[in-house]
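Here is how the chains run, residue by residue.
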Amino acid sequence: MWELFDILTVTVRWVHSASAILWIGGSIFFLVVLRPAIRDSEKTGSTPNKLIASLATLHFREWVHLSMVALLVSGAILSFDRLTEPSISAVYIGALTAKIAIAFWLFGIGTATYRRKTIAKSDIGRQEDVETNNKLVKWLKPLISPPMIVYGGLIVILLSNLLNIAFEKVIR
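So, a few notes on the structure that sits alongside this text. Since we're looking at a predicted model, the values are computed, not measured.

Remarks on the packing of helix α1 (residues 4-44) against helix α6 (residues 146-171)
At a minimum axis distance of 9 Å, the contact between α1 and α6 shows a crossing angle of 135°. Here α1 is positioned oblique relative to α6, judged by the angle of their axes. Regarding α1 and α6, the two cross each other, and that crossing is left-handed. In contact with Trp23, Ile24, Ser27, Ile28, Leu31 and Arg35 of α1, α6 contributes Pro146, Pro147, Ile149, Val150, Gly153 and Leu154. Split into classes, the residues belonging to the contact of α1 with α6 amount to 9 nonpolar, 2 polar and 1 charged.

This is how it looks when you write it as structure tokens:
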């Protein structure tokens, strides 16, 4: 018979998985479908597609921010649940640490991308000054680009699978 704790655990896991799917899956859609479609439409000189892309980005951004909050809260709950197991392995702790570090890197990319676009829309001159004065940002730009959300997200999913296997080995 299921207890209340089991139902809550399943719910938290579902929220965590659904949030990751929304963010990473949506990012893959933007990179492999929407961006190429926008580039193709620009070649034809079609401007309504830019408006649609801009609106899609705006709406997706809201869902990304919601999924970031859900991932942080559910991730903290799930980590606490697993780390309180008495026989947790060093491999599990290492993989969890890597997953958390990459997740925070991805949250930083998501937040930085939002800030860059906000600055670009609000103050064009200021944005040019920020970009020319910050050489570190130019050097790190490939590491903080939207495609890195996809790559990092796929690594996090791989680490999640490793965590599940490592945990199952402990409880066997």
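After that view of the structure, there is still more to cover.
Remarks on the environment of Thr84
Take Thr84: it is sitting in the loop between α2 (48-83) and α3 (90-122). Judged by its relative accessible area of 46%, Thr84 falls in the partly exposed class. Within the local environment of Thr84, its side chain forms a polar contact with the backbone oxygen of Asp81, the two atoms lying 2.8 Å apart.

Focus: the nonpolar core
Judged by nonpolar contacts, the single largest core of 26 residues is most densely connected at Trp23, Tyr92, Leu106 and Phe107. Of all the elements in the fold, those that place two or more residues in this core are α1, α2, α3 and α6. It is α3 that contributes the most residues to this core, 8 residues altogether. Every residue in contact with Trp23, bar those within four places of it in the chain, is listed here: Phe60, Val64, Ser67, Met68, Leu71, Leu106, Phe107 and Ile149.

Cut-offs used in this document
Residues numbered from 1 in each chain as written. Predicted model: local features only at pLDDT ≥ 70, side-chain atom pairs only at ≥ 80, totals over all residues. Heavy atoms only, no water. Axes fitted to C-alpha atoms, helices over the stretch in contact; angles between N-to-C directions. Helix = DSSP H or I, 4+ residues; strand = E, 2+ residues; numbered from the N terminus. Parallel < 35°, antiparallel > 145°, perpendicular 65-115°, else oblique. Left-handed = near helix turned anticlockwise from the far one by under 90°. Contact = heavy atoms within 4.5 Å. Nonpolar A, V, L, I, M, F, W, Y, C, P; charged D, E, K, R; others polar. Buried < 20%, exposed > 50% of the residue type's maximum accessible area, 1.4 Å probe, protein only. Polar contact = N/O pair within 3.5 Å; in protein donor to acceptor, adjacent residues only side chain to side chain. Core = buried A, V, L, I, M, F, W, Y, C linked by side-chain atoms within 4.5 Å.

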